[in-house]
Amino acid sequence: MTDQLEKWKSSFGDDYTERNKLDDLNIQQRANLWNAILIHMFGKLPTSALEIGAGVGGNLAALSIIYHNLNLPIQLNAIEPNLKAREHLKNVQNTKIIEKDAFSIDSPNYNFDLSFTCGVLIH
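Residues numbered from 1 in each chain as written. Predicted model: local features only at pLDDT ≥ 70, side-chain atom pairs only at ≥ 80, totals over all residues. Heavy atoms only, no water.

In this section: the environment of Ile-39. Mapped onto the elements, Ile-39 comes out in the loop between α3 (24-38) and β1 (48-52). You can call Ile-39 exposed: its relative accessible area is 66%. (Helix = DSSP H or I, 4+ residues; strand = E, 2+ residues; numbered from the N terminus. Buried < 20%, exposed > 50% of the residue type's maximum accessible area, 1.4 Å probe, protein only.)

A word on the pairing of strand β2 (residues 75-79). Moving residue by residue along a regular strand, the side chains alternate between the two faces of the sheet. β2 sits mainly inside the fold: 4 of its 5 residues count as buried. In this sheet, β2 lies alongside β1 in parallel orientation, the contact comprising 5 bridges. If you follow Ala-49 over to β2, its bridge partner there is Leu-76. Crossover handedness for the path β1 to helix α4 (residues 58-70) to β2: right-handed. In this structure, β2 lies alongside strand β3 (residues 95-97), joined through 3 bridges in parallel fashion. By the bridge assignment, Leu-76 is partnered in β3 with Thr-95. Between the parallel elements β2 and β3, the chain passes through helix α5 (residues 83-89) in a crossover that is right-handed. (Pairing = 2+ DSSP bridges. Right-handed = clockwise from strand over helix to strand, strands pointing away.)

Turning to the environment of Thr-47, a few remarks are in order. Relative to the helices and strands, Thr-47 resides in the loop between α3 and β1. Judged by relative accessible area, which is 44%, Thr-47 ranks as partly exposed. In sequence terms Thr-47 and Ile-74 are 27 residues apart; their C-alpha atoms lie 4.5 Å from each other.

Attention now moves to the nonpolar core. Core analysis: the largest hydrophobic core is formed by 20 residues, its most contacted members being Trp-34, Leu-60, Leu-63 and Phe-116. Where this core is concerned, the elements lending two or more residues are α3, α4, β2 and β4 (114-116). (Core = buried A, V, L, I, M, F, W, Y, C linked by side-chain atoms within 4.5 Å.)

Moving on: the pattern of salt bridges. In a structure, side chains of opposite charge can pair up when their charged atoms sit close to one another. Within this structure, the stated rule accounts for 4 salt bridges. For the salt bridge of Lys-84 with Glu-18, the shortest nitrogen-to-oxygen distance reads 3.7 Å. Taken as a pair, Lys-84 in helix α5 and Glu-18 in helix α2 (residues 11-19) lie far apart in primary sequence, 66 residues in all. Given the relative accessible area of 33%, Lys-84 is considered partly exposed. Of the charged contacts, one joins Glu-87 and Lys-90 as a salt bridge, the two residues approaching to 3.1 Å between their closest N and O atoms. Connected through salt bridges with shared partners, the residues Glu-18, Lys-21 and Lys-84 form a single ionic network. (Salt bridge = Lys/Arg side-chain N within 4 Å of Asp/Glu carboxyl O.)

Okay, the packing of aromatic side chains next. This model, assessed by the stated rule, comprises 3 aromatic pairs. Relative to Phe-12, the ring of Trp-8 has its centre 4.9 Å away and its plane inclined at 70°; by these criteria the two rings are edge-to-face. Residue class for Trp-8 comes out buried when judged on its relative accessible area of 15%. For Phe-12, a relative accessible area of 33% gives the class partly exposed. (Phe/Tyr/Trp six-rings, centres within 6.5 Å; stacked < 30°, edge-to-face > 60°.)

Shown next as structure tokens:
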């Protein structure tokens with residue numbers, strides 16, 4: 001485990017989670033972004049997605065709303081090292097929380113149409 005991963009699992013990550021709680025405007029802005037991304041998938045929308053470092057689940061909440069409005073199924077998956085953030089993720093519909101970190105994804109057991117990270121790399 002890296003020092004940085006330990007930091008995100010600690011009160012540092014808890015504080016970040018508290019500062020970045022979701023609201024309707026934030027989710028709508030993310031939904032606008034995801035609509036712009038999904039329109040370029042040429043009619044083949046993903047039916048499963050994995051966000052690595054999902055935080056409180058803003059991107060996954062946006063995707064859940066988009067797919068609900070389109071009446072399409074999607075299985076959303078999240079990897080998040082911070083326990084407090086994972087508690088928020090439990091409220092995002094259709095989301096499975098994978099109890100791993102980005103360093104320990106055993107890819108033969110996981111297949112996703114879309115995997116992404118958003119914001120993690122700036123840290």
